[in-house]
Amino acid sequence: MIGVNYYHAWSPDPELVANWVKWSGKPFLVTEWYAKGMDSGFANTTGAGWVVKTQADRGRFYQNFTLGLLESGGCVGWHWFKYRDNDPNSKGADPSNLDSNKGIVNLSFEPYAPLLAAMHELNGQAYSLVAYFDRAEK
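Residues numbered from 1 in each chain as written. Predicted model: local features only at pLDDT ≥ 70, side-chain atom pairs only at ≥ 80, totals over all residues. Heavy atoms only, no water.

Student: Describe helix H3 (residues 113–123), and please don't skip the residues or the numbers.
Tutor: Taken as a whole, H3 has its buried residues at Leu115, Ala118, Met119 and Leu122. All buried residues of H3 lie within an arc of 100° about the axis, which places them on one face of the element. Along H3, the residues that are exposed and aim more than 90 degrees away from the buried face are Ala113 and His120. In the core, the buried residues of H3 are packed alongside helix H2 (55–72), strand E5 (75–80) and helix H4 (126–137). (Buried < 20%, exposed > 50% of the residue type's maximum accessible area, 1.4 Å probe, protein only. Helix = DSSP H or I, 4+ residues; strand = E, 2+ residues; numbered from the N terminus. Arc of directions from axis to C-beta. Contact = heavy atoms within 4.5 Å.)

Student: Go over the nonpolar core, please, and point to the residues and values.
Tutor: In terms of nonpolar packing, the biggest core is built from 28 residues, with Tyr6, Phe28, Trp33, Tyr62, Trp80 and Leu115 touching the most fellow members. Looking at this core, the elements with two or more residues in it are helix H1 (14–24), strand E2 (28–33), H2, E5, H3 and H4. The greatest single-element share of this core, amounting to 5 residues, is contributed by H2. Residue contacts for Trp80: discarding those within four places in its chain leaves Trp33, Tyr34, Ala35, Arg58, Phe61, Tyr62, Lys102, Gly103, Ile104, Leu115 and Met119. (Core = buried A, V, L, I, M, F, W, Y, C linked by side-chain atoms within 4.5 Å.)

Next up, the structure:
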């Protein structure tokens, strides 16, 4: 298996992800990706993630992106980067990890409900979606 960080795209590029499998002969895991919401109160000036207007839009991004991963047939999983938002007051934090809404939860560990609901909805259907995409390819 290979691990890939995937940024700067609303959807996975089907040709690119097919090539990862072709070139490596192995399935892939998307190890880092996220979208930042402008309604979070953060400036969102750091980090490589896609920027959207709302937490609901973050949920739509999650669903759209993961559907592309599931459809690819070569993806064995994904890891949203990261669990908790960046703390702008953190001393010694990496410069790419400041002032950005990267988390599933805020600094007080409160979940972003629209994002989490969209994640839950898609994740609960992942296996049936894989079966659907597998049948569609035949």
